[in-house]
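Structural overview
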Amino acid sequence: MLEVTPVREDFVAEIAGVDLCAPPTPEIARELRAALDQYGVLVIPSQPLNEAQQLKVAEVFGPLEVSVGASIYNAKRPRRLDHAQLSDISNLDESGKLLEPGDIRRLINLSNQLWHTDSSFKKTPASASLLSAQEVAPVGGATEFADMRTVWDTLDPALQSRIGDLVAVHDYFYSRSLTGFDLDGIPPEWREMQPPVKQVLVRTLPHGNRRSLYLASHIRSIEGMDDEESKALLDELMAFATQQQFIYRHRWRVGDLVIWDNRTTMHRGTKFDEKYRRAMRRATVQDTGPTVLQ
């Protein structure tokens, strides 16, 4: 049986009493899913997983995505990781050396420092993400999580009523443009592989009958609003959702496995000095279908 220690009453829990280097048993799998449904973020220390072991844990939560990095940017170059279902969240190249300052992967990684929800730019977005740490910077590089269920519950009822049925347009390349990525230089085939998609702005969750604000820097616009009105609303919601009262800040240790529910949280990485090595990999689990159909 898992040892579950809540960090807050119903947001973030640390998990002990389990060795995930061995394939999870059906009982452990049920307990992990139940804990994630309840707390939204699970911190599991001392899990020195290899790639295959990490994927086995991820499969507990559903079918896995193929990494955008594997399908677009790295389609014609060697990857540091062996499995296309893993995203490389590092500042290392395929030979394990620090990325050169001009490497496109450095610029792409900057977007992880924006508040976002994994794969909301895909027609079928992500449910769970599992990030495993192999090397961490001695200072900086924390990951922050926002509790989007409590954010929704705390919103003014008039604002809830105004936004409850809105649909947002999520665009992978829009969020990249916010960190200096040159949109004019994007090859047409990249856009064809990752076109903009529509997602609801407020989700009704399949567990617990709660609602959650589904927000991300990937949102380019809100349907039915002009650019100015859309930006004003998104800025208002982002400012509200990222107040300190809603945030948990995780300081990484080697061997940490952190699992989060993208339907109920938003997250961002924080800065660290790129002279330090940072090696992490993320497995991402697909949701059951497009949110606009749910």
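Up top is the structure these notes are about.
Presented here is a report on the structure given in the accompanying data block. Not measured: the values here are computed from a predicted model.

The next point concerns the sheet that holds strand β11 (residues 219-222). With antiparallel pairing, the three strands of this open sheet are ordered in space as β8-β7-β11. What marks the edges here is a single partner per strand, and that holds for β8 (197-200) and β11. Strand-to-strand twist across the sheet, computed as the mean angle between neighbouring axes with direction ignored, equals 35 degrees. Direction of pairing for strand β7 (residues 167-170) relative to β8: antiparallel, over a ladder of four bridges. In the sheet register, H170 faces β8, and the bridge partner there is V197.

This paragraph deals with the pattern of salt bridges. Per the stated rule, a full pass over the model turns up 18 salt bridges. When the shortest N-O distance is used, the salt bridge between E94 and R105 registers 3.2 Å. Residue E94 is located in the loop between β4 (86-88) and α4 (104-110), and its partner R105 is located in helix α4; the two are separated by eleven residues in the primary sequence. With a relative accessible area of 36%, E94 lands in the partly exposed category. Residue R105 is joined to D103 by a salt bridge in which the shortest nitrogen-to-oxygen separation is 2.8 Å. Classification of R105 as buried rests on a relative accessible area of 14%. Through salt bridges with shared partners, a single ionic network connects D10, D153 and R210.

Glancing now at the packing of aromatic side chains. Inspection of every chain in the model, using the stated rule, returns five aromatic pairs. Residues F145 and Y248 carry aromatic rings whose centres are separated by 6.4 Å and whose planes lie at 25 degrees to one another, so their mutual orientation is stacked. With F145 in strand β6 (residues 143-147) and Y248 in strand β12 (residues 247-250), the pair connects residues that are 103 residues apart, well separated along the chain. Like Y248, F145 is buried. Following the ring pairs from residue to residue traces out a cluster consisting of F121, Y172 and F173. Sitting over the ring of Y214, R203 keeps its end group 4.9 Å from the ring centre.

Reading the values: rules and limits
Residues numbered from 1 in each chain as written. Predicted model: local features only at pLDDT ≥ 70, side-chain atom pairs only at ≥ 80, totals over all residues. Heavy atoms only, no water. Pairing = 2+ DSSP bridges. Helix = DSSP H or I, 4+ residues; strand = E, 2+ residues; numbered from the N terminus. Axes fitted to C-alpha atoms, helices over the stretch in contact; angles between N-to-C directions. Salt bridge = Lys/Arg side-chain N within 4 Å of Asp/Glu carboxyl O. Buried < 20%, exposed > 50% of the residue type's maximum accessible area, 1.4 Å probe, protein only. Phe/Tyr/Trp six-rings, centres within 6.5 Å; stacked < 30°, edge-to-face > 60°. Lys NZ or Arg CZ within 6 Å of the ring centre and 35° of its normal.

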